[in-house]
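Results of the structural survey
Given next are the chains, with one letter for each unit.
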Amino acid sequence: MTQKTDFKKSLDAYRAERDRFRIVELPDTQYLMIDGHGDPNTSPAFSDAVETLYPVAYKMKFASRNELGRDYVVPPLEGLWWADEMDSFTTGRDKSRWHWTLMIMVPDWVGRDTFTAAVTQAGARNRPSRIDDIRLETLSEGRCVQTLHVGSFDDEAGVLARLHHEFVPGNGLRMVGRHHEIYLSDFRRVAPERRRTILRQPVADASRA
């Protein structure tokens, strides 16, 4: 039987503790990605993106197992979030102004040919509405600060304020790149107060601004 890799258990990128900010160095990582804009609670594009990413991710997982002899657990959904004015994201929480990229990590041994075949297979029957928008792309984040948030997404603001205004400048750092969330809990099935989400922010030395 092929051994199945669970990246949530094996990769440092998926480790975080509640009420603790930790600096991590992350390698370049490839993801399935779909972009969008607007309130994730009301935007059809958001739910359509989720419903497109998973079929392709599972087609790639099965191809890896059956053709490459390497099985793995499909990693959790992740998201990059930003706004033209970041206060509308971190404090004002004006979700209608948010931009996002939803993502699922793909192991580095799975290549573009497998991705292309998976997209074709996923679109052959019950074609996902955003299948033409999906892409395979490498994300380079490097040094990041991350922590674990437990609870509703709407309760993240206090944690983000501490991260942005206390920990980052207090450690001689500055924020670069986009706010990154990793949904260890499936928010479609888990009650808001029980959701476990890694909050990540890429950073760089403030002296090198």
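Attention in this report is confined to the structure presented alongside it.

A few points about the overall build of the protein
The helix and strand tally for the protein stands at 5 helices and 11 strands. Here the protein has a C-alpha radius of gyration of 17 Å; the compact-globule value for 209 residues is 17 Å, and the two agree. Taking the principal axes of the C-alpha coordinates as reference, the protein spans close to 50 × 35 × 35 Å. Out of the 209 residues belonging to the protein, those deemed buried represent 49%. Long-range pairs, those at least 24 residues apart, make up 78% of the contacts in the protein between residues at least 6 apart in sequence. When the accessible surface of the protein is split by element, carbon and sulfur atoms take 46% of a total near 10,800 Å². Here the protein contributes 30 positive and 31 negative side-chain charges, whose respective centroids are spaced 5 Å apart.

Let's talk about the nonpolar core
Note on soluble globular proteins: their nonpolar side chains tend to be buried together. Leu-32, Leu-53, Val-56, Met-60, Leu-77, Phe-115 and Ile-134 are the most contacted members of the largest nonpolar core, which has 43 residues in total. Within the residue set of this core, elements represented by two or more residues are strand E3 (29–37), helix H2 (44–68), strand E5 (77–82), strand E6 (99–106), helix H4 (112–122), strand E7 (135–139) and strand E10 (179–183). Of the residues forming this core, the biggest block, 8 residues, is contributed by H2. When residues no more than four places from it in sequence are discounted, the contact partners of Leu-32 are Leu-53, Val-56, Ala-57, Met-60, Leu-102, Met-103, Ile-104, Val-106, Phe-115, Ile-134, Arg-135 and Leu-136.

Examining the packing of H2 against H4
Two elements in contact, H2 and H4, have axes separated by 8 Å at closest approach and are oriented at 125 degrees. Considering their axes alone, H2 and H4 lie oblique with respect to each other. Where H2 crosses over H4, the handedness of that crossing is right-handed. Seen from H2, the contacting residues are Pro-55, Val-56, Lys-59, Met-60 and Ala-63; seen from H4, they are Thr-114, Phe-115, Ala-118, Val-119, Gln-121 and Ala-122. Of the residues contributing to the contact of H2 with H4, the split by class is 8 nonpolar, 2 polar and 1 charged.

Side note on H4
Those residues of H4 that fall on the buried side of the exposure criterion are Thr-114, Phe-115, Ala-118, Val-119 and Ala-122. All buried residues of H4 lie within an arc of 135 degrees about the axis, which places them on one face of the element. Opposite the buried face of H4, at more than 90 degrees from it, the exposed residues are Asp-113 and Thr-120. Each element contacted by the buried residues of H4 is listed here: E3, H2 and E7.

Re helix H5 (residues 157–170)
Its 14 residues give H5 an end-to-end C-alpha distance of 19 Å, which sits within 8% of 20 Å, the value for a rise of 1.5 Å per residue. Leu-163 marks where H5 bends most, by close to 35 degrees. Burial in H5 covers these residues: Val-159, Leu-160, Leu-163, His-164, Phe-167 and Val-168. Following H5 by one or two positions, Gly-172 has its phi on the positive side, about 65 degrees.

Let's talk about the environment of Lys-8
Checked against the element boundaries, Lys-8 lands in helix H1 (residues 7–10). Looking at Lys-8, the relative accessible area reads 37%, which means it is partly exposed. Each C-alpha atom, one on Lys-8 and one on Pro-75, is 7.0 Å from the other, the two residues being 67 residues apart in sequence. If sequence neighbours within four positions are ignored, Lys-8 has contacts with Tyr-14, Pro-76 and Leu-184.

Criteria and cut-off values
- Residues numbered from 1 in each chain as written.
- Predicted model: local features only at pLDDT ≥ 70, side-chain atom pairs only at ≥ 80, totals over all residues.
- Heavy atoms only, no water.
- Helix = DSSP H or I, 4+ residues; strand = E, 2+ residues; numbered from the N terminus.
- Rg over C-alpha atoms; globule rule 2.2 N^0.38 Å.
- Buried < 20%, exposed > 50% of the residue type's maximum accessible area, 1.4 Å probe, protein only.
- Contact = heavy atoms within 4.5 Å.
- Areas by Shrake-Rupley, 256 points an atom, 1.4 Å probe, with all protein chains shown as cover.
- Lys, Arg positive; Asp, Glu negative; His and termini not counted.
- Charge placed at Lys NZ, Arg CZ, Asp CG, Glu CD.
- Core = buried A, V, L, I, M, F, W, Y, C linked by side-chain atoms within 4.5 Å.
- Axes fitted to C-alpha atoms, helices over the stretch in contact; angles between N-to-C directions.
- Parallel < 35°, antiparallel > 145°, perpendicular 65-115°, else oblique.
- Left-handed = near helix turned anticlockwise from the far one by under 90°.
- Nonpolar A, V, L, I, M, F, W, Y, C, P; charged D, E, K, R; others polar.
- Arc of directions from axis to C-beta.
- Expected span 1.5 Å × (residues − 1).
- Bend = angle between axes of the 7 residues up to and from the residue.

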